[in-house]
Amino acid sequence: MPFVIASASGAEGSRRRTSRVRSTALRRETDGKVTPLEPLAGMSTTALRRLVFGVTIARLPLALGFLLCSYFSNGQARSTMVALCVLVEVSDVLDGYLARRLGVVTPLGAMADSTVDHVARTTEAVALVAVGVFPASLLVVMIGRDAVVATVRQLSLRRSGVGGGTRRSGKIKGIAQGFCIVTLTSYYALASQPTAAWLMLSSVVVTAAFLATAVSLVDYSVAYWRSARPLRLETHATAPGL
């Protein structure tokens, strides 16, 4: 019985220490003020991971709502589309911020974040193609890039045991695509009569998204080639002579 009591006491002490450490980590270093995340310091790691995952997965119903609203051409539906695509991008920023600040970054969470990003933005792009404000060529490039990168990651994992992770070009691609979707959705909702300024802005964001997606594709492919090359050289060097 004393051993059980001591074990329970030790576990409770460990939880309290973890809570204090997390609470301290959530304080700003500049002026010591408590951040808005301070109330989350007492939550368990599992609960925090579920919270972050919930923020991530929320993009899927938001994107589905975006797609459904595209079937209606009234002003309210179009305004709702703008709000939904903005919420998708906010969720994309928020889940990463929470995961880093709360110390619950995991490979599974990163993979879920990347997958949900692809599904949500592709769904939005399909809806915008259907209403005629998103170029189908960019949608094809987006889908092709995601398919190639997914294949590259799997091959890299098999060859070198490293999946590659998220690269800076991938983050830039996400920003460019998200800004493009928000801009074109706003154009669809607000610009009843296309103006030269709107057309110019649309061309700029589409071009930026296209270039960022293409550069990301090349960057991931080159990174895979570099990671796989040392493995091939090592294999050749250790092969028995004939």
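Residues numbered from 1 in each chain as written. Predicted model: local features only at pLDDT ≥ 70, side-chain atom pairs only at ≥ 80, totals over all residues. Heavy atoms only, no water.

**Quick look at the overall build of the protein**
Piece 1. The helix and strand inventory of the protein stands at eight helices and zero strands.
Piece 2. Overall, the protein shows an N-to-C arrangement of helices and strands of α-α-α-α-α-α-α-α.
Piece 3. For the protein, with 242 residues in total, the buried portion stands at 34%.
Piece 4. About 14,400 Å² of surface is accessible on the protein, with carbon and sulfur atoms providing 67% of the total. (Helix = DSSP H or I, 4+ residues; strand = E, 2+ residues; numbered from the N terminus. Buried < 20%, exposed > 50% of the residue type's maximum accessible area, 1.4 Å probe, protein only. Areas by Shrake-Rupley, 256 points an atom, 1.4 Å probe, with all protein chains shown as cover.)

**With respect to the pattern of salt bridges**
Piece 1. All told, the structure shown has seven salt bridges when counted by the stated rule.
Piece 2. With a shortest N-O distance of 3.9 Å, Asp92 and Arg59 are connected by a salt bridge. Of this pair, Asp92 sits in helix 4 (residues 75–102) while Arg59 sits in helix 3 (residues 59–69); the two residues are 33 residues apart in sequence, bridging distant segments of the chain.
Piece 3. Look at Asp92 and you get buried, because its relative accessible area is 19%.
Piece 4. Residue classification places Arg59 among the buried residues on the basis of a relative accessible area of 0%. (Salt bridge = Lys/Arg side-chain N within 4 Å of Asp/Glu carboxyl O.)

**Side note on the nonpolar core**
Piece 1. Core analysis: the biggest nonpolar cluster contains 27 residues, and Phe66, Leu128, Phe134, Leu138, Cys180 and Leu184 have the highest contact counts within it.
Piece 2. Listed by contribution, the elements that provide at least two residues to this core are helix 3, helix 4, helix 5 (107–130), helix 6 (136–160), helix 7 (168–190) and helix 8 (196–237).
Piece 3. The element that contributes the greatest number of residues to this core is helix 7, accounting for six residues.
Piece 4. The contacts of Leu184, once residues within four sequence positions are left out, are Leu128, Val133, Phe134, Pro135, Ser202, Val205 and Val206.
Piece 5. With seven residues, the next largest nonpolar core counts Leu48, Val52, Leu102 and Val104 among its residues. (Core = buried A, V, L, I, M, F, W, Y, C linked by side-chain atoms within 4.5 Å. Contact = heavy atoms within 4.5 Å.)

**A few points about the UniProt feature "transmembrane region" (unreviewed entry) in the protein**
Piece 1. Feature annotation in UniProt places "transmembrane region" (unreviewed entry) on residues 51–73, 125–152 and 196–222, given in this structure's numbering.
Piece 2. Note that residues 51–73 is 78% helix and 0% strand, and that its end C-alpha atoms are spaced 35 Å apart.
Piece 3. As annotated, residues 196–222 comprises 100% helix and 0% strand, and the C-alpha atoms at either end are separated by 39 Å. (UniProt positions renumbered as here; feature names shortened; annotations may be inferred.)

**Quick notes on a nonpolar patch on the surface**
Piece 1. A grouping of Phe53, Ile57, Leu60 and Val119 is seen on the molecular surface, where their side chains present a nonpolar patch of about 300 Å² in accessible area.
Piece 2. Among the secondary structure elements, Val119 is positioned in helix 5. (Patch = residues over 30% accessible without salt bridge, like charges linked within 9 Å, V, L, I, M, F, W, Y side chains within 5 Å.)

**Let's talk about the environment of Ile175**
Piece 1. With respect to the helices, strands and loops of the structure, Ile175 is situated in helix 7.
Piece 2. Between the C-alpha atom of Ile175 and that of Ala212, which follows or precedes it by 37 residues, the distance is 9.0 Å.

**Quick word on the layout of surface pockets**
Piece 1. The computed volume of the largest pocket comes to approximately 1,000 Å³.
Piece 2. Lining the largest pocket are 35 residues, and of these Asp92, Asp95, Gly96, Asp113 and Asp117 sit closest to its centre.
Piece 3. Elements with a minimum of two residues in the lining of the largest pocket: helix 2 (45–57), helix 4, helix 5, helix 6 and helix 7.
Piece 4. Per-element accounting of the lining of the largest pocket gives the leading share, nine residues, to helix 5.
Piece 5. Here the lining of the largest pocket is composed, by residue class, of 13 nonpolar, nine polar and 13 charged. (1 Å grid on protein atoms, 1.4 Å probe; cavity = no way out; pocket = protein on both sides within 12 Å on 5 of 7 lines; lining within 4 Å. Points joined across faces, edges and corners; volume = space filled by probe spheres on them. Nonpolar A, V, L, I, M, F, W, Y, C, P; charged D, E, K, R; others polar.)

**Things to note about the packing of helix 5 against helix 7**
Piece 1. Their axes nearest at 11 Å, the elements helix 5 and helix 7 cross at an angle of 30°. In terms of orientation, helix 5 and helix 7 fall into the roughly parallel class. When you trace helix 5 past helix 7, the crossing you get is left-handed. Residue-level inspection shows His118, Arg121, Glu124 and Leu128 of helix 5 in contact with helix 7, the latter providing Lys173, Gly174, Gln177, Gly178, Ile181, Leu184 and Thr185.
Piece 2. Here the contact of helix 5 with helix 7 is composed, by residue class, of three nonpolar, five polar and three charged. (Axes fitted to C-alpha atoms, helices over the stretch in contact; angles between N-to-C directions. Parallel < 35°, antiparallel > 145°, perpendicular 65-115°, else oblique. Left-handed = near helix turned anticlockwise from the far one by under 90°.)

**A short note on the environment of Arg167**
Piece 1. Within the secondary structure layout, Arg167 lies in the loop between helix 6 and helix 7.
Piece 2. Judged by its relative accessible area of 32%, Arg167 falls in the partly exposed class.
Piece 3. A C-alpha to C-alpha distance of 7.6 Å links Arg167 and Tyr220, two positions 53 residues apart in sequence.
Piece 4. Sequence-distant contacts of Arg167, defined by excluding residues within four places in its chain, comprise Asp219, Tyr220 and Ala223.

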